[in-house]
Structure formats: C-alpha cells, structure tokens
Amino acid sequence: MASPSDESELQNGGGEAAPESVPEPKVEVNTEAEAKVDGDPEQTAIQSNDAENTPSAEQSAKPELQKDEGSQTFTMRELLSELKDGEGNSAAREGETRDASHHYSSESIQQQHHIDHNDPAMDLINSVTGVDEEGRSRQRILAFAARRYASAIERNSEDYDALYNWALVLQESADNVGPDSSSPSKDALLEEACKKYDEATRLCPTLHDAFYNWAIAISDRAKMRGRTKEAEELWKQATRNYEKAVQLNWNSPQALNNWGLALQELSAIVPVREKQTIVRTAISKFRAAIQLQFDFHRAIYNLGTVLYGLAEDTLRAGAIVDKEVSPNELYSQSAIYIAAAHALKPNYSVYRSALRLVRSMLPLPYLKVGYLTAPPMGNPVAPHGDWKRAQFVLNHEGLQQLNKVEQKQTPQSLSGRSGDAVHIDKAAIKVDVPDIVSVSACADLTLPPGAGLCIDTIHGPVFLVADSWESLDGWFDAIRLVYTIFARGKSDVLAGIITG
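What you see is a predicted model; the values in this text were computed from it and never measured.

**A few points about the overall build of the chain**
Turning to step 1, where the next piece is worked out: A tally of regular secondary structure across the chain gives 17 helices and 7 strands.
Turning to step 2, where the next piece is worked out: Taking all 500 residues of the chain together, 53% fall into the buried category.
Turning to step 3, where the next piece is worked out: Intrachain contacts of the chain at a sequence separation of at least 6 include 68% that bridge at least 24 residues.
Turning to step 4, where the next piece is worked out: Surface exposure of the chain reaches about 22,900 Å², of which carbon and sulfur atoms provide 49%.

Below is the structure:
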C-alpha cells in the first residue's frame, strides 16, 4: 500500500486536508415525496475558501479534491407549479365575470399594498429581481406565494403552516439572489426565514421539516462567515436544529447526513482539544444515515471525506490519537467509502476525481483486508478455544479466509505491484456476495468475547468476531456496501476499481 505521505493532498474549503462533502437539500413544501437533487454535483462543487482560491506552494504541487456540495436546496417545483396553476385558474374564473384586465378587486389590491408596505419580509422579497428571465419569472411566483402566506398570518397569527411555507419562500428567494445583483443580501433573506421557522416551531414544536430547513438556512449563513467565532455559533445552532429534526423524525437519512456535515464544518473551527470528539460524532451521523439508506452515496462519500481528514490530523499529530486505529487504516477506510460512492454513482466526476487520489490506499487487489476470529469450518458452535484469529479479504465477489501460508504472501500481493496469486483454501470460510441475506452485529454466548458479526446467507449464518468494535464497524460497512453495490447491478464498476 502506498504511504499516505506520497498521496496527493485532498483539500477542503479552508486549508484542512480533507475531501469536500455533500449536503442534502431542503424539504419540498407541501409534499411527502422523496428528495430530488438538482443538477450534477460537479456543476455545483464549491472551491476552496482561501483568498482568491490561490493554492499554497505545497498545494500547487499536488492536485486538489474539490468539495462536492451537490444541490444546496430542494426546489419548490410542486409549490411553484401549484401557484402557477392557481394564478392561471384565478384569472380564468374572473374572466368569466369581468374584464380580464381586472384580476383583483380594489379591496384585494388595497390588502396587497398594505401587506407589501408593512412587512419587512415582503420588502425583501419584492426587492429580489432574479438573474435571468427564468429567475424573474420564478421570483414573481415566489412573491405571489409570500403574499398568500402573509395574508393567512394576518387572518390567523398562529397559522404555523403558513409561517413554515413563508420561511421556505424566503429561503428560495435567497437562492434567487444574483451575485452581482442590487437585490438585498442573501443573508438578510435567510435571517428573515430563520425568524419565520422560529415562530412556526414555537407554535408547533413537532414540525420536524421546519427544524430541518431552519438548520439548512443557518448553515448557509454560517458558510458566508468563514471560520469566525460568529460562524462557530451558527454551526452550533445548526447542529442543534438537525438534532431536533432527527429526534422528531428518526427515519431521515438526509437530516443525519446534514447533521454530520454541520459537525464536520464545526470541527474545523473549534479548538483542537474539542475537534476529535466532534469528528467522531460526525462519523456516527454519517454511519447512521447509511444504515437507514444503504445506497445513500452522498453520506457514503462524506464518511470517506471525514475519515480522510481524521487520518490527516492523526498523521500530523505524530501520534495515534485512537490507539485502535492507525493513520494508514483510516486512509484505507476512507478509500473504501469513496470507492463505494463512485461505484454507486460512476458518472459523478467529483467521486471519480477523489477515487484517483485515494485508490492506491486500498489493499489492492482487494477492497478490504484484515483479521477476524473464526470457528473451525463447519462447526460454528465450537468451543471458544477452537476459534482462531485469521486473515480475511473482501472484494466484489465476497469475503474469503486465507490460510497461514497465503497470509505470508498477502502483503506483496496487496501492494498492487506484485502479480502473486492468492489461492483460497477450500476448507476456509467463504461467503459469496449473491448468497448474502443480511449483515448484522451480534452478541451471543456461543461466540467468544468481543465484537460479534453475523452474515446470514442462503446456506445459513456465518459467525465471526472482530478485533474491536471499531474494527467491526469497518467490516460491517464494507460487507454491506459490497452487497448494496451488487444489488444495484454495479459490481462490474467495483471490480474495475480494485482490479484495475
């Protein structure tokens, strides 16, 4: 395996050596539909926040790995479509009884003027012009929606649904502000959106979508402030709101992914003594997101980036912070997740670029190599003393145990520079990916003490014990990712990655 010091440095937004990460978008208003992503991540990749994005001397000698921010927000296509239809239908109905040029009564116009001139949020929305004709058309519809929700609030000040939707309109209007526009600042619109979310959640403390989108708005405000004390406070607020959103709706991989990202951003600002704890928490959120959605490639990739950053920090510190995991192992783990994300989405150029930088950190020609304690072949309930610690390898085809002779040859093979073939003992444990039914952690008195792993197959369960709980997480994720890639019909992509 190549030494990490020989690898190209992966650059994040502020000088920390780590791959960039992928947030999930806002929840669409008035829809239960699953999140829809706008555009290819490569078109929305965020560059380094360094002044003028000028690389340092060290960076200029090495390629950089861009952050794949993905789509910043969910679009409000359903809302906008509904409003367009509503506007058109309203005009059609009025056209049946009066001249088409008079869509509103004088009373409605007076009410509209009253709202427009007495609400600072409406002033902000009316000042947004949009960057092109599509943007201007979109903004007109957003302004129409804002008036509708403002009117609803005037009629009932405790209408939390109207407050929530109004906040979404403000958030969408912030995305409609051009960089060179004379419109109000994006920050002012996001701040006003945060106030509406605050009011909505005060009236309805169980409105989990409001907490989620509120956290996104706060995160966007934090990004504008770099690595300042104010940004630190905003990132902390965002993590609290993501936590609340997850507490109210635990089955949300998107919220867990964004919670992990907010923690990752926070870890780059806080003092060094606090960083390790925050990074470990971020890792747990990404893992939780993947456990809810096995093919959630954004969370898979983000977990790879945060592990890479942890490896860099550990290597720079000159000592192993976590006694169970070395920097090389962290680099290898990072490469596994990035390879899996690429296998699931091979057309994403951000993942492809990242893979080029970390591929040599894999134990090629395998995806993962390590030790597990296994029972004698054919006797899963053997006495604990008969279980032996053995080396296992995982690739796109499955998990295999090596015998002692082959274990001595493996290091040369893993370097990727030797053509030594590794032959698997027919009596050794072998699990083919198509045979896997489920993978889970297990605790059973028939197993030796330690972190138990159960791979249920069509032929029956296979029980193994990892060296530590940290090691179990790595094996658990790797096996499940290989199976998910197989289930999605992408095993050939993974095979190409690890066999070259």
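**Here's the deal with the packing of helix H12 (residues 297–317) against helix H13 (residues 327–344)**
Turning to step 1, where the next piece is worked out: Contact geometry for H12 and H13: axes closest at 8 Å, N-to-C directions at 160°. Relative to H13, H12 is oriented roughly antiparallel. Crossing of H12 over H13 shows left-handed handedness. Each of His 297, Ile 300, Tyr 301, Leu 303, Gly 304, Leu 307, Tyr 308, Leu 310, Ala 311, Glu 312, Thr 314 and Leu 315 in H12 lies in contact with H13, whose residues at this interface are Pro 327, Leu 330, Tyr 331, Gln 333, Ser 334, Tyr 337, Ile 338, Ala 340, Ala 341 and Leu 344.
Turning to step 2, where the next piece is worked out: Per-class residue counts for the contact of H12 with H13 are 16 nonpolar, 5 polar and 1 charged.

**Points about the packing of aromatic side chains**
Turning to step 1, where the next piece is worked out: Summed over all chains, the structure comprises 7 aromatic pairs.
Turning to step 2, where the next piece is worked out: Here the aromatic rings of Tyr 308 and Tyr 331 are separated by 5.2 Å at their centres, their planes lie at 75°, and the arrangement is edge-to-face. One end of the pair, Tyr 308, is in helix H12; the other, Tyr 331, is in helix H13, and 23 residues separate them in sequence. For the pair Tyr 308 and Tyr 331, one class covers both residues: buried.
Turning to step 3, where the next piece is worked out: Three or more aromatic residues link up through ring pairs in this structure, and these residues are Tyr 301, Tyr 348 and Tyr 351.
Turning to step 4, where the next piece is worked out: Above the plane of the ring of Trp 259 lies Lys 285, whose end atom (NZ or CZ) is 4.0 Å from the centre.
Turning to step 5, where the next piece is worked out: One residue, Lys 368, lies across the ring of Trp 475, its end atom 4.9 Å from the ring centre.

**Some points on the pairing of strand E3 (residues 398–401)**
Turning to step 1, where the next piece is worked out: Here E3 shows a buried face lined by Gly 398 and Gln 400 and a second buried face lined by Leu 399 and Gln 401.
Turning to step 2, where the next piece is worked out: Looking at chain direction, strand E2 (residues 388–394) and E3 are connected through 3 bridges and run antiparallel. Paired with Leu 394 across the bridge in E3 is Leu 399.
Turning to step 3, where the next piece is worked out: Linkage of E2 to E3, two consecutive antiparallel strands, is achieved through a turn of 3 residues.
Turning to step 4, where the next piece is worked out: Across 3 bridges, the pairing between E3 and strand E4 (residues 430–432) is antiparallel. Paired with Gln 400 across the bridge in E4 is Lys 430.

**Concerning the pattern of salt bridges**
Turning to step 1, where the next piece is worked out: Counted according to the given criterion, the structure contains 18 salt bridges.
Turning to step 2, where the next piece is worked out: Between Lys 229 and Glu 232 there is a salt bridge whose closest N-O contact spans 3.5 Å. With Lys 229 and Glu 232 both in helix H9 (residues 229–248) and 3 residues apart, the pair spans about one turn of that helix.
Turning to step 3, where the next piece is worked out: Residue Glu 232 is classed as buried on the basis of its relative accessible area, which comes to 6%.
Turning to step 4, where the next piece is worked out: Asp 313 serves as the salt-bridge partner of Arg 316, at 2.7 Å between the closest nitrogen and oxygen. Of the two residues, Arg 316 and Asp 313 both sit in helix H12, 3 residues apart, roughly one turn of that helix.
Turning to step 5, where the next piece is worked out: Arg 316 gets classed as exposed once you look at its relative accessible area, which sits at 51%.
Turning to step 6, where the next piece is worked out: Residue class for Asp 313 comes out buried when judged on its relative accessible area of 15%.
Turning to step 7, where the next piece is worked out: The structure contains a network of salt bridges with shared partners spanning Asp 187, Arg 221, Arg 225 and Glu 230.

**What about the nonpolar core?**
Turning to step 1, where the next piece is worked out: Counting 121 residues, the largest nonpolar core has Leu 362, Leu 367, Phe 392, Leu 399, Ile 455, Leu 464 and Ile 479 as its most contacted members.
Turning to step 2, where the next piece is worked out: In terms of residues, this core owes the most to one element, H13, which gives 11 residues.
Turning to step 3, where the next piece is worked out: If we skip the residues at most four places from it in the chain, Leu 464 touches Leu 372, Thr 373, Ala 374, Pro 375, Trp 387, Phe 392, Leu 399, Ile 429, Ala 451, Gly 452, Leu 453 and Ile 455.
Turning to step 4, where the next piece is worked out: Among the nonpolar cores identified, the runner-up in size contains 6 residues, and Ala 382, Trp 387, Cys 442 and Cys 454 belong to it.

**Some remarks on the sheet that holds strand E1 (residues 368–374)**
Turning to step 1, where the next piece is worked out: Pairing is antiparallel in the open sheet, where 7 strands are placed in the order E4-E3-E2-E1-E7-E6-E5. Pairing within the sheet leaves two strands with one partner each, and these edge strands are E4 and strand E5 (436–442). Averaged over all adjacent pairs, the angle separating strand axes in this sheet is 30°, with direction ignored.
Turning to step 2, where the next piece is worked out: Helix-sheet contacts for helix H16 (residues 469–487) involve E1, E2, E3, E5, strand E6 (451–457) and strand E7 (460–466), and the interaxial angle to E6 is about 15°.

**Structural notes on the pairing of E7**
Turning to step 1, where the next piece is worked out: Sheet analysis places E1 next to E7, joined by 2 bridges and oriented antiparallel. Along E7, the bridge assignment pairs Leu 372 with Ala 466.
Turning to step 2, where the next piece is worked out: The hairpin turn running from E6 into E7, its antiparallel successor, is 2 residues long.

**With respect to the confidence of the model for the chain**
Turning to step 1, where the next piece is worked out: Taken over all residues, the pLDDT of the chain has a mean of 77, while the share at 70 or more is 67%.
Turning to step 2, where the next piece is worked out: The model gives residues 1–18 a pLDDT under 50, and that stretch makes 70 contacts with residues more than four places away or in other chains.

**Description of unusual backbone geometry**
Turning to step 1, where the next piece is worked out: Of the consecutive residues Leu 364 and Pro 365, the connecting peptide bond is found in the cis state with omega at 10°.
Turning to step 2, where the next piece is worked out: As for its placement among the helices and strands, Pro 365 is situated in the loop between helix H14 (349–358) and E1.

**A look at the packing of helix H8 (residues 208–223) against H9**
Turning to step 1, where the next piece is worked out: Two elements in contact, H8 and H9, have axes separated by 8 Å at closest approach and are oriented at 160°. The orientation of H8 with respect to H9, classified from their angle, is roughly antiparallel. In this structure, the crossing between H8 and H9 has a hand that is left-handed. For the pair formed by H8 and H9, the contact residues are His 208, Phe 211, Tyr 212, Trp 214, Ala 215, Ile 216, Ile 218, Ser 219, Arg 221, Ala 222 and Lys 223 on the first element and Ala 231, Leu 234, Trp 235, Gln 237, Ala 238, Asn 241, Tyr 242, Lys 244, Ala 245 and Leu 248 on the second.
Turning to step 2, where the next piece is worked out: For the contact of H8 with H9, the residue count by class is 14 nonpolar, 4 polar and 3 charged.

Rules used throughout
- Residues numbered from 1 in each chain as written.
- Predicted model: local features only at pLDDT ≥ 70, side-chain atom pairs only at ≥ 80, totals over all residues.
- Heavy atoms only, no water.
- Helix = DSSP H or I, 4+ residues; strand = E, 2+ residues; numbered from the N terminus.
- Buried < 20%, exposed > 50% of the residue type's maximum accessible area, 1.4 Å probe, protein only.
- Contact = heavy atoms within 4.5 Å.
- Areas by Shrake-Rupley, 256 points an atom, 1.4 Å probe, with all protein chains shown as cover.
- Axes fitted to C-alpha atoms, helices over the stretch in contact; angles between N-to-C directions.
- Parallel < 35°, antiparallel > 145°, perpendicular 65-115°, else oblique.
- Left-handed = near helix turned anticlockwise from the far one by under 90°.
- Nonpolar A, V, L, I, M, F, W, Y, C, P; charged D, E, K, R; others polar.
- Phe/Tyr/Trp six-rings, centres within 6.5 Å; stacked < 30°, edge-to-face > 60°.
- Lys NZ or Arg CZ within 6 Å of the ring centre and 35° of its normal.
- Pairing = 2+ DSSP bridges.
- Salt bridge = Lys/Arg side-chain N within 4 Å of Asp/Glu carboxyl O.
- Core = buried A, V, L, I, M, F, W, Y, C linked by side-chain atoms within 4.5 Å.
- pLDDT = per-residue confidence, 0-100.

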